[in-house]
Amino acid sequence: MYSEKVMDHFRNPRNMGEMENPDGVGKVGNPVCGDMMELYIKVENDVITDVKFMTFGCGAAIATSSMVTELVKGKTLDEALKISNATVAEALDGLPPVKMHCSVLAEDALKGAIEDYRKRKVESKV
Amino acid sequence: MKRIYLDHNATTPVHPEVADQVCRCLREDFGNAGTLYSYGREAKKLVDDAREKVATLIGARKEEILFTSGGTESDNMAVRGVAYGNINKGRHILTSTIEHHAVLETCKALEKEGFEVAYLPVDEYGTIKVDELKNAIRSDTTLISIMHANNETGSIQPVSEIGRIAKEKGVTFHTDTVQTFGKIVINVDEMNIDLLSISAHKLHGPKGVGALYVRKGVKMKPVMFGGHQERKMRPGTHNVPGIAGLGKAVEIAASDMEEEGEKLLRVRERLWEGIKKNIPHIRLNGHPTVRLSNTLNISFEFVEGESLILSLDDHGICVASGSACTSDSLEPSHVLLAMGCVPEVAHGSLRFSFGRGNTEEEIDFVIQALPKVVGRMRSMSPLYREFLKKQKESA
Ligand SMILES: Cc1ncc(COP(=O)(O)O)c(C=O)c1O
Ligand code: FES
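Residues numbered from 1 in each chain as written. Chains lettered and ligands numbered in written order. Predicted model: local features only at pLDDT ≥ 70, side-chain atom pairs only at ≥ 80, totals over all residues. Heavy atoms only, no water.

Attention now goes to the overall build of chain A. Of the regular secondary structure elements, chain A holds five helices and three strands. Scaling as 2.2 N^0.38, a compact globule of 126 residues should have a C-alpha radius of gyration of about 14 Å, and chain A matches this with 14 Å. Along the longest, intermediate and shortest principal axes, the C-alpha atoms of chain A span 50 × 25 × 25 Å. Evaluated residue by residue, chain A yields a buried proportion of 52% over its 126 residues. Here the contacts in chain A between residues at least 6 apart in sequence split such that 62% fall between residues at least 24 apart. Where the 16 positive side-chain charges of chain A centre and where its 20 negative ones centre are 1 Å apart. (Helix = DSSP H or I, 4+ residues; strand = E, 2+ residues; numbered from the N terminus. Rg over C-alpha atoms; globule rule 2.2 N^0.38 Å. Buried < 20%, exposed > 50% of the residue type's maximum accessible area, 1.4 Å probe, protein only. Contact = heavy atoms within 4.5 Å. Lys, Arg positive; Asp, Glu negative; His and termini not counted. Charge placed at Lys NZ, Arg CZ, Asp CG, Glu CD.)

Structure follows, in C-alpha cells:
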C-alpha cells in the first residue's frame with residue numbers, strides 16, 4: 001500500500017534524532033489518530049542549516065517527517081513555509097488517501113518550528 | 001526470506017487435506033445439492049457429511065446447522081433474525097462492547113429501526129461481568145449475544161454462566177464462536193447455547209464459508225429470501241466445495257484438539273517469556289490465564305503499532321495491531337478501549353496469534369528480531385525520550 005519511496009524513508013529515516021540547542025522547535029499532535037511529531041531547526045541568516053525530527057506514529061508519519069527534513073534543509077524560511085503537505089506527499093510518490101492526514105502533521109511541525117524560531121528572535125530583541 | 005505467519009486470528013493457511021477436498025469438489029462434484037439425479041445426490045452427500053461433522057463437534061443435531069458464507073453472515077443472521085422473530089415479546093437486546101463488528105454494527109442498525117440495545121462493559125481483562133449482564137435483563141429482552149473468545153485479546157467469556165442465566169430468564173442466547181470453534185470444547189446443550197456462529201477460514205478451512213447453529217424451537221425470521229435451502233433460513237445454491245472444505249477442517253480439528261491446544265499454549269508462553277525478558281515497558285492485554293491458547297496481545301509503550309508491523313514485515317514476521325493508524329476509521333481498537341486502555345497503549349499494541357504449524361524455532365526468531373524493531377521505533381519516539389529524561393531526573 002505504500003510506495004517504495006515511503007518504505008525507503010521509513011526504513012532509513014533521514015535526519016532522525018534530537019538536536020542540541022535548536023533555534024526553533026515544532027511540536028504537534030495529530031488530532032485524527034493521536035500521533036506526535038517534533039521538528040527541530042537551526043537557522044543562520046534566515047536559512048535552515050540543520051533540521052532533525054522525532055516521531056511517534058505510523059509508517060507514513062515517519063516517512064513524511066523524514067522527507068520534510070530533506071526538503072527544507074538549505075532553504076530560506078520563506079521558501080520552507082511554501083512547502084505544503086501535498087508537496088511532501090508528492091515527493092514520496094504519493095500516500096494512500098487514509099494517510100494524507102499524516103503529511104499534515106509534517107507540514108504543521110515545520111510551520112511550528114519556524115514560528116517558534118521567529119518568536120524567539122523577536123523576544124531576544126526585546 | 002522465510003516468512004513467519006502469526007496472524008491466525010485474522011485468517012489461517014488452508015490445511016493441505018482441506019485444499020485437496022475443495023479441489024476435488026470443484027473438479028468432480030459440481031452438482032447442485034438440490035437436484036435428484038446422481039450429481040445432485042453426490043453433492044448433497046458432501047453437504048450432509050459436513051453438516052454431521054459440524055453438529056457432532058458442538059453436540060448439536062444435524063438439522064440445527066445452517067451453512068452460511070462465514071462468521072459475518074452468521075452473526076448478522078442470528079442477531080437480526082432473532083430480533084425480528086421475537087418482536088411480540090420485545091425489542092431489547094443485550095450484547096457487549098467487545099463484540100466483533102459483525103454483531104456490533106448489526107445492533108447499531110437495529111437501533112435505527114427502533115430496537116433498544118445495551119452494550120455491556122468489560123473489566124480490565126476484557127471479560128464480561130456476569131452480574132451486570134444479569135441485572136441488565138428485562139422482561140422485554142429477546143436476545144443476548146456475547147462472543148465466546150475475543151478475537152483481539154483472546155479473553156474467554158463466561159459463556160456457560162451466561163447460558164444458564166439466559167435459560168433461567170427465557171432469553172435466547174447467541175454466541176460468536178468464530179475464534180473458539182475447533183479450539184475449545186463446546187457443547188451447546190451443556191452450555192445452553194441457542195445460536196452459535198462459525199467461520200471455516202479461522203480453522204485452516206476455506207474463506208467465504210461458515211455455519212450458524214440454531215437450536216430447534218428458536219424463534220427467528222429469515223433475513224434472506226429466494227430458495228428452500230437450509231430450511232429457507234439461508235436460501236441459495238450450496239457452496240459445496242466450501243462446505244466440504246469446512247467439513248474436512250472440522251474433522252482435522254476434532255482429531256487432535258487437545259494436543260494442538262497444548263502445543264499452541266507452549267508456543268505462546270515461549271514468546272511471552274522471551275518478550276518479557278528482552279523488552280521493558282510492555283503490558284499484556286487480555287486475561288492472564290482465561291484466554292485462548294493461541295492469542296498474545298501486548299502493548300509496547302512509546303511506539304505505534306503500524307510502524308512495528310511494517311518493520312516486522314521486513315523480517316518476514318506477520319502480525320496485527322489495534323493501533324488507530326492500522327484501521328481505515330483511524331480509531332484505536334474498540335476492544336482495547338473498552339478494557340480501559342488509554343489510546344496510547346492501544347497504539348502500541350501487537351497481536352500475535354498462532355496456529356497449526358508454528359514452531360519454536362519461529363518463536364525464537366521473533367524473540368531475536370522484536371527487541372531490535374521495538375528499539376528502533378523507540379529511538380525515534382519523542383514519548384520515549386521524554387520518559388527517559390524524567391527517569392534520569394528522578395534518579
Ligand atoms: C469473532 C469474530 N467474529 C466474526 C468474524 C467474521 O468472520 P468472517 O471473516 O468469516 O466473516 C471474525 C473474523 O474476523 C471474528 O474474529
Ligand atoms: S500517524 Fe496515525 S495514521 Fe499516520
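On to the site of ligand 1. Residues and elements named next belong to chain B. Around ligand 1 sit 13 residues in total, of which Gly71, Thr72, Asp176, Ser199 and Lys202 are the nearest. A distance of 3.3 Å is found between an oxygen atom of ligand 1 and a side-chain nitrogen or oxygen belonging to His100. Within the contact set of ligand 1, an oxygen atom lies 2.7 Å away from a side-chain nitrogen or oxygen of Lys202. Protein chains shield 85% of the accessible area of ligand 1, which is 390 Å² for the free molecule. The greatest single-element share of the shell around ligand 1, amounting to three residues, is contributed by helix H3 (residues 71–85). Tallied by class, the residues present in the shell around ligand 1 amount to two nonpolar, eight polar and three charged. (Near = heavy atom within 4 Å. Polar contact = N/O pair within 3.5 Å; in protein donor to acceptor, adjacent residues only side chain to side chain. Areas by Shrake-Rupley, 256 points an atom, 1.4 Å probe, with all protein chains shown as cover. Nonpolar A, V, L, I, M, F, W, Y, C, P; charged D, E, K, R; others polar.)

All names here are of chain B. We note that the domain assignment places domain 1 (4–11 + 257–394) and domain 2 (16–255) within chain B. The distance between the C-alpha centroids of domain 1 and domain 2 comes to 29 Å. Counting residues at the interface gives 24 residues for domain 1, matched by 33 residues for domain 2. On inspection of domain 1 and its partner domain 2, the count reaches zero salt bridges. (Domains from an automatic or database assignment. Salt bridge = Lys/Arg side-chain N within 4 Å of Asp/Glu carboxyl O.)

On to helix H13 (residues 382–394) of chain B. With 13 residues, H13 of chain B ought to run about 18 Å at 1.5 Å a step, and its terminal C-alpha atoms sit 19 Å apart, in line with that. Of the residues making up H13 of chain B, those classed as buried are Pro382, Tyr384 and Arg385 of chain B. All buried residues of H13 of chain B project into a common sector of 160 degrees when viewed along the axis, lining one side. Across H13 of chain B from its buried face, at more than 90 degrees, point the exposed residues Lys390 and Ser394 of chain B. Tucked into the core, H13 of chain B has its buried residues touching strand E2 (36–44) and strand E3 (47–56) of chain A together with helix H12 (360–379) of chain B. Between a side-chain oxygen at the N-terminus of H13 of chain B and the backbone nitrogen of Leu383 of chain B the separation is 3.2 Å; the capping residue is Ser381 of chain B. (Expected span 1.5 Å × (residues − 1). Arc of directions from axis to C-beta.)

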